[in-house]
Amino acid sequence: MRKILYITLLLSITLSAWAEDVEFRAQAPSQVVVGKPFQLTYSVNQRAKDLRAPEFTDFDYLAGPYTSQSSSTSFVNGKRSSSFQLTYTYTLMAAKEGTFTIQPAQISVDGKNYSSNGVRITVLPADEQPTQNRQPSAATGSNQQTAQTSSQTSSENIFIRTVVSKTKVHEQEAILLSYKLYFAGVDVAQFTNNTKIPEFTGFLKQDLEQGEIQTELEHYNGRNYQTATLYRTLLYPQHGGDLVIDPATFEAVLRVQTRSQVRSIFDDFFGSYTNVTKVLKAPGVTIHVSSLPSGKPAGFSGGVGRFTMASAISGTELKTNEAVTIKIDIKGTGNMKLLKTPAIDWPEGFEAYDPKVTNNFKTTTSGVSGSKEIEYLAIPRASGDYVIPAISYSYFDTQDNQYKTLTTPEYTLHVTKGAGNDEATQAIVQNFVNKEDVQQFGSDIRYIHSSEHSGISYQPAKLVFGSLTYWLYYLIPLLIAIVLLVVFRKQIKENADLTRVRYKRANKVAQKRLKAAKKLLAEGNKAAFYEEIERAAVSYLSDRLSIPTADLSKETIADILQTKGVREELIKEVKDVLSTAEFARYAPSADSQMQTLYDRTSELINQLENQKL
């Protein structure tokens, strides 16, 4: 009796566990065509009954439900597992265009009701009938087969479109470019390696992860096609004007059915197929890029998109030698990988450290979104009340079409003296240093004088006033000093002019960095190569234009070069090279593009050497 109770209890637990794992799902195509039947299926993973389907108000009911079931049992490592599935199939047909939702169905499992998911279906219009009348062909044999193959692989049945999210944008505004395949009545077996993607001159690009290629229906130019996206990338225009994207080329292997002379009943039933290689060209496109408007704020560093900024401070009451941190969080969508780190103007008496930057970026079809977290750390070395100025960050808002400035609050710090840093401690330290100096000096004196027991007497030389030795003792050092001053006066004067020193060494430093970049290029170290190329260009411009690196930006460089009479084409090339080197560290690039950037940077520096800056 006890054993029967245990078995009953075990069965009830098992049945209740099964009931908790019930899966009841509805499935149907996401796109269908008017007038063409399709199937709607409901599947449940346990034995069930009393299926109650919803009203198919937006579709014509043709047949169903047809019921089928399957089960399987397997043993893996001595463990038994089993599965069961019950399927109900309806055949429906769409009567009108639009997007419709089929409501959830109900089913009963062990006396308990379960609901399926709803299904959303987009109904596309039927294919338009061709306007031209096709004349029967009188060709026979191989000519007829060639004509049929050409018809199946024509540009009406298979082609590639160049799809861009926008054709009119601002400088640095993201554009999504896709190459999309359209095909109908033909089977695409594969694509070869003979694919040519354009260089996208004038843009920075960031390829998007493709993943597994999926096909879906799309109604285009009066016909329904199967479509697949072959390639996607984000493009960031680097300057204003009409930028042309060259055509792309793909090569596909098509599986084409042939209607050759029937040799057997099996040829007539199954048909025969042949592989045909076809070159598909995606057309080029022109992007109209508007330069950023004039009136840029002082703190503008090239940010384009839509952003927000928040800040927080670790505390406003602290002691000397205690660290204070300020955190800034910039969020939004745009060219986030090019955002500069704002600087904090710490008060006098604070020891500041380099900020810690954490990037949390996600690349989407609308651009790069996420956050840029910046943590600043400083240590006050003196007591008092201090004001941390507000931090400003300016960017161009692509939605409102205007410059905007984000500002953090102004923080007031009250710093009191900490332990071990009072005036008495400082006096003790200073007194200790002075005593050490005196002791060492006394030691030197004792070492110079010989011991009275050494047996060696020392008589210092005496200078007689007015003697030749007396005058030579003073005149010779004076003459040497005058000669050195005359000889090195020009060099001393030049070295005193730090701006001129930096100006003269600019090319030498840049060539040294280019040599290091060339070595990294040969090694295939992409990240280090782009970093060295960027440093070469930035350090050269900083030295030639006498601009501190911290204050260097593309806009500042462009303004100074323009005032010095540098032609506009060279200024655009400077901005393009800087942007490409900066952005390429985050986006994958081919070796040919690395060599191109190296050549462009080297040529740019050579051209700037010939300019009077």
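Here the structure is shown first, and the text comes after it.
Scoring rules and cut-offs
Residues numbered from 1 in each chain as written. Predicted model: local features only at pLDDT ≥ 70, side-chain atom pairs only at ≥ 80, totals over all residues. Heavy atoms only, no water. Helix = DSSP H or I, 4+ residues; strand = E, 2+ residues; numbered from the N terminus. Buried < 20%, exposed > 50% of the residue type's maximum accessible area, 1.4 Å probe, protein only. Contact = heavy atoms within 4.5 Å. Areas by Shrake-Rupley, 256 points an atom, 1.4 Å probe, with all protein chains shown as cover. Pairing = 2+ DSSP bridges. Axes fitted to C-alpha atoms, helices over the stretch in contact; angles between N-to-C directions. Core = buried A, V, L, I, M, F, W, Y, C linked by side-chain atoms within 4.5 Å. Salt bridge = Lys/Arg side-chain N within 4 Å of Asp/Glu carboxyl O. Parallel < 35°, antiparallel > 145°, perpendicular 65-115°, else oblique. Left-handed = near helix turned anticlockwise from the far one by under 90°. Arc of directions from axis to C-beta. Polar contact = N/O pair within 3.5 Å; in protein donor to acceptor, adjacent residues only side chain to side chain.

Peer 1: Could you give me a rundown of the overall build of the chain, with the residues and numbers involved?
Peer 2: In terms of regular secondary structure, the chain is built from 10 helices and 31 strands. The 613 residues of the chain split such that 36% are buried. Here the analysis covers contacts within the chain between residues at least 6 apart in sequence; of these, 72% occur between residues at least 24 apart. As presented, the chain carries roughly 37800 Å² of accessible surface, and 51% of it is formed by carbon and sulfur atoms.

Peer 1: Describe the sheet that holds strand β21 (residues 285–290), naming the residues involved and giving the relevant values.
Peer 2: Within a sheet, adjacent strands bond to each other through the backbone by hydrogen bonds, running parallel or antiparallel. Strand order across the open sheet formed by three strands is β12-β21-β18, with mixed pairing between neighbours. Each edge of the open sheet carries a strand with a single partner, namely β12 (168–170) and β18 (241–245). Between one strand and the next, the sheet's axes are offset by a mean angle of 35°, whatever the strand orientation. With five bridges joining them, β18 and β21 adopt antiparallel strand pairing. Bridge pairing links Ile 245 to Val 285 in β21.

Peer 1: Describe the nonpolar core, and please don't skip the residues or the numbers.
Peer 2: If you look at the biggest cluster of nonpolar residues, it comprises 34 residues, and the most contacted ones within it are Phe 529, Ile 533, Leu 541, Ile 557 and Val 574. Counting only elements with at least two residues in this core, the list comes to α6 (498–523), α7 (526–545), α8 (554–563), α9 (568–584) and α10 (591–609). With nine residues, α7 is the largest single contributor of residues to this core. The residues contacting Ile 533, other than those within four sequence positions of it, are Leu 514, Ala 517, Ala 581, Leu 597, Tyr 598 and Thr 601. Among the nonpolar cores identified, the runner-up in size contains 33 residues, and Ile 374, Ile 388, Tyr 395 and Val 415 belong to it.

Peer 1: Describe in detail the sheet that holds strand β14 (residues 187–191), supporting the description with residues and values.
Peer 2: Strands sit in the order β14-β19-β20 across an open sheet of three strands; the sheet is antiparallel. With one partner strand each, in any of the chains shown, β14 and β20 (272–282) form the two edges of the open sheet. Each strand axis lies, on average, 30° off the axis of its neighbour in the sheet, ignoring direction.

Peer 1: Before we move on, can you summarise the pattern of salt bridges with the specific residues and values?
Peer 2: Summed over all chains, the structure comprises 16 salt bridges. Among the salt bridges present, the one from Arg 306 reaches Asp 400, with a minimum N-O distance of 3.6 Å. Taken together, the positions of Arg 306 in strand β22 (residues 300–313) and Asp 400 in the loop between β29 (392–397) and β30 (402–407) put the pair 94 residues apart, joining distant regions of the chain. In this structure Asp 400 comes out as partly exposed when scored by relative accessible area, which is 36%.

Peer 1: Explain the packing of α8 against α9 residue by residue, including any values.
Peer 2: One can describe the packing of α8 onto α9 by two numbers: an axis separation of 10 Å at closest approach and a directional angle of 160°. Comparing their axes, α9 and α8 come out roughly antiparallel. For the crossing formed where α8 meets α9, the hand is right-handed. Across from Lys 554, Ile 557, Ala 558, Leu 561 and Gln 562 in α8, the residues of α9 making contact are Glu 568, Ile 571, Val 574, Lys 575, Leu 578, Ser 579 and Glu 582.

Peer 1: Pulling in residues and values, what's your account of α8?
Peer 2: Since there are 3.6 residues in each turn of an α-helix, residues three or four apart along the chain are aligned in direction. Looking at α8, one finds that the buried residues are Lys 554, Glu 555, Ile 557, Ala 558 and Leu 561. Buried residues of α8 fall within an arc of 160° about the axis and therefore sit on the same side. Tucked inside the fold, the buried residues of α8 contact β22, α7 and α9. Immediately downstream of α8, the backbone of Gly 565 shows phi near 85°, a positive value.

Peer 1: Explain the environment of Asp 242 residue by residue, including any values.
Peer 2: Within the secondary structure, Asp 242 sits in strand β18. Residue classification places Asp 242 among the exposed residues on the basis of a relative accessible area of 53%. Note: C-alpha distance between Asp 242 and Val 289 (47 residues apart in sequence) is 6.0 Å. At 2.7 Å, the side chain of Asp 242 forms a polar contact with the side chain of His 288.

Peer 1: Would you mind going over unusual backbone geometry in detail, with residue names and values included?
Peer 2: Along the chain, Gly 64 connects to Pro 65 via a cis peptide bond; the corresponding omega equals 5°. Among the secondary structure elements, Pro 65 is positioned in strand β5 (residues 59–76). The phi dihedral of Asn 401 is positive, around 60°, even though this residue is not glycine. Here Asn 401 shows up in the loop between β29 and β30.

Peer 1: Let's hear about the environment of Phe 583: which residues, and what values?
Peer 2: Among the secondary structure elements, Phe 583 is positioned in helix α9. Phe 583 sits 245 residues away from Leu 338 along the chain, and the two C-alpha atoms are 6.7 Å apart. Once you skip the residues sitting within four places of it in the chain, Phe 583 turns out to touch Leu 204, Lys 205, Gln 206, Tyr 236, Lys 337 and Leu 338.

Peer 1: Outline the environment of Leu 254, supporting the account with residue identities and numerical values.
Peer 2: Take Leu 254: it is sitting in strand β19 (residues 248–258). Exposure remark for Leu 254: the relative accessible area of 0% places this residue in the buried category. Sequence separation between Leu 254 and Thr 274 is 20 residues, and the spatial gap between their C-alpha atoms is 8.2 Å. Discounting residues that sit within four places of it in the chain, Leu 254 has contacts with Thr 153, Ile 158, Val 186, Asp 187, Val 188, Ala 189, Thr 274, Asn 275, Val 276 and Lys 278.

Geometry only, nothing functional implied.
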